[in-house]
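# An overview of the molecular structure
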Amino acid sequence: MRLNLNQLAIFAQVIECGGFSAAGQVLFLSQSSVSKQVQNLEISLRTQLVDRSGPKIRPTLAGEVLLAQSKEVLALADQAVEAVRTAALLRQEPLVIGSTGTISGHLLPTVLRELRRRDPAAQFRISTGTADQLAEALEDGRTGVALSGGPLPPGRHRSERIADEDMLLVCPPGHPLAGRAITPAELAGETFLLRECGSRTRQQLTDLLHGWELTGAETIDLWGTEGVKEAVRIGLGVGLLPRRSVRLELRHGVLAELAVHPAPERREVRVSWTLARPLTPSEQLLLPLVREVARAATGT
């Protein structure tokens, strides 16, 4: 059998108030209605819950057991109602999709196109930030779903690896090292273009320079994938970028690849979602859509 939560709440109020009449006044019900609800609960449980023999009612042993359990049950029911109300309110707000800068430039647009195709009325906005900033937004529920090039710092969210992407060292097409296999030592005289602080691409390139024993190489700080691409194109230096973000430039000869061996490690693409609150219906639709787009983009 299943407990009737309304009957359970009335029973708990009767015990707290010490009588049917007093409970009725609190609940805005007649004494007879309160008494009937408790009787129906006793009938459903096939046991007496209230001792009515004295001047003041008190719970039987079975009633005491039920009363102890009822507090937790009713609290959980209240939490469920609040979660539903929160989700309903969130559904009225635009869908906020978190993303690191690189992902927002080459994977996220396809996700948005598919989202709009499946839900033409969908309202959304993009919140771009570093891995730390996305983790904070997921931690407090400001963002429900976020895409990143690699894991986020730990917090109240879950994360799933949905794809891998190649990372390339790129240069202008007329670069003397373009078009042939090279070793890291041959890059000793190059200027390396670094992404902004907090970028995972910046960290990966910094780690590469350390592993290649090129930590003393000249570097220039820039902002964003597009900033690095333009700086490479005009000859300011060489940069590390995801293959997918430069596929058109490579195809049309605007940029060239430096085939250094060993090659930079591939990077994970991950989707993370908040555990700080229930996901809205739009966010629940977004998760499988992101997985589908990532599989199509990488051919997996």
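The structure under discussion appears in the preceding block.
Below, the structure is looked at part by part. (Residues numbered from 1 in each chain as written. Predicted model: local features only at pLDDT ≥ 70, side-chain atom pairs only at ≥ 80, totals over all residues. Heavy atoms only, no water.)

## Here's the deal with the sheet that holds strand 4 (residues 124-128)
Within a beta sheet, neighbouring strands are joined by backbone hydrogen bonds and run either parallel or antiparallel to one another. Pairing is mixed in the open sheet, where 5 strands are placed in the order 4-3-5-13-6. The two strands at the open ends of the sheet, each matched to only one other strand, are strand 4 and strand 6 (157-165). Sheet twist, expressed as the mean angle between neighbouring strand axes with direction ignored, is 20°. (Pairing = 2+ DSSP bridges. Helix = DSSP H or I, 4+ residues; strand = E, 2+ residues; numbered from the N terminus. Axes fitted to C-alpha atoms, helices over the stretch in contact; angles between N-to-C directions.)

## A short note on the packing of helix 2 (residues 20-27) against helix 3 (residues 31-45)
It is the contact of helix 2 with helix 3, at a shortest axis distance of 8 Å, that shows an interaxial angle of 105°. When the interaxial angle is binned, helix 2 and helix 3 end up roughly perpendicular. Of helix 3, the residues touching helix 2 (which contributes F20, S21, A23 and G24) are Q31, V34, S35 and V38. Broken down by class, the residue content of the contact of helix 2 with helix 3 amounts to 4 nonpolar, 4 polar and no charged. (Parallel < 35°, antiparallel > 145°, perpendicular 65-115°, else oblique. Contact = heavy atoms within 4.5 Å. Nonpolar A, V, L, I, M, F, W, Y, C, P; charged D, E, K, R; others polar.)

## A word on the environment of S282
You can see S282 is positioned in helix 11 (residues 281-298). As for S282 and P94, which are separated by 188 residues in sequence, their C-alpha atoms are 9.1 Å apart.

## Quick look at unusual backbone geometry
Omega for the peptide link from H261 to P262 comes to 0°, which places this bond in the cis form. Within the fold, P262 resides in the loop between strand 12 (256-260) and strand 13 (267-274). Residue R46 is not a glycine yet carries a positive backbone phi of 60°. For R46, the location among the structural elements is in the loop between helix 3 and strand 1 (50-51). Notably, E213 is not glycine yet its phi reads approximately 60°, a positive angle. In this fold, E213 is placed in the loop between helix 8 (200-211) and strand 10 (218-221). The exposed category is assigned to E213, whose relative accessible area is 72%. (Buried < 20%, exposed > 50% of the residue type's maximum accessible area, 1.4 Å probe, protein only.)

## Observations regarding helix 9 (residues 224-233)
When helix 9 is considered as a whole, its buried residues turn out to be G224, T225, V228, K229, A231 and V232. On its buried side, helix 9 packs onto helix 5 (101-106), strand 7 (167-171), strand 9 (191-194), strand 11 (238-242) and helix 10 (247-251). Within two residues after helix 9, G235 carries a phi angle of roughly 90°, on the positive side.

## Describing the side chain of E190
As for its placement among the helices and strands, E190 is situated in the loop between strand 8 (181-182) and strand 9. Despite its burial, E190 pairs with no opposite charge, the nearest such side chain being R180 at 8.8 Å. In this structure the side chain of E190 is engaged in a polar contact, spanning 3.0 Å, whose partner is the side chain of H175. Apart from residues no more than four positions distant in its own chain, E190 is found in contact with H175, L177, A217, E218 and V238. (Lys, Arg positive; Asp, Glu negative; His and termini not counted. Salt bridge = Lys/Arg side-chain N within 4 Å of Asp/Glu carboxyl O. Polar contact = N/O pair within 3.5 Å; in protein donor to acceptor, adjacent residues only side chain to side chain.)

## Section: the layout of surface pockets
There is about 300 Å³ of room inside the largest pocket. Considering the residues around the largest pocket, the lining is formed by 20 residues, among which T100, G101, G129, R195 and E196 are closest to the centre. Secondary-structure elements contributing two or more residues to the lining of the largest pocket are helix 5, helix 7 (131-139), helix 8 and helix 9. In terms of residue class, the lining of the largest pocket is made up of 2 nonpolar, 14 polar and 4 charged. (1 Å grid on protein atoms, 1.4 Å probe; cavity = no way out; pocket = protein on both sides within 12 Å on 5 of 7 lines; lining within 4 Å. Points joined across faces, edges and corners; volume = space filled by probe spheres on them.)

## Focus on the sheet that holds strand 10
The sheet built from 6 strands is open, its strands ordered 8-12-7-11-9-10 with mixed pairing. Strand pairing shows two members of the sheet lacking a second neighbour, strand 8 and strand 10, which therefore form its edges. Sheet analysis places strand 7 next to strand 12, joined by 3 bridges and oriented antiparallel. Looking across to strand 12, one finds that C171 is bridged to A256. Lying on the sheet, helix 8 is in contact with strand 7, strand 9, strand 10 and strand 11; it crosses strand 9 at an angle near 150°.

## Section: the pattern of salt bridges
Charged atoms that come close allow side chains of opposite charge to pair. Taken as a whole and assessed by the stated rule, the structure comprises 23 salt bridges. E139 is the partner of R156 in a salt bridge, and the nearest nitrogen-oxygen pair spans 3.3 Å. In this pair, R156 is assigned in the loop between strand 5 (145-148) and strand 6 and E139 in helix 7, connecting sequence segments 17 residues apart.

## A short note on helix 2
Looking at helix 2, one finds that the buried residues are F20, A23 and G24. Axial view of helix 2: buried residues confined to an arc of 105°, hence all on one face. Buried residues along helix 2 sit against helix 1 (5-17), helix 3 and strand 1. A positive backbone phi angle near 60° is found at F28, which sits one or two residues after helix 2. (Arc of directions from axis to C-beta.)

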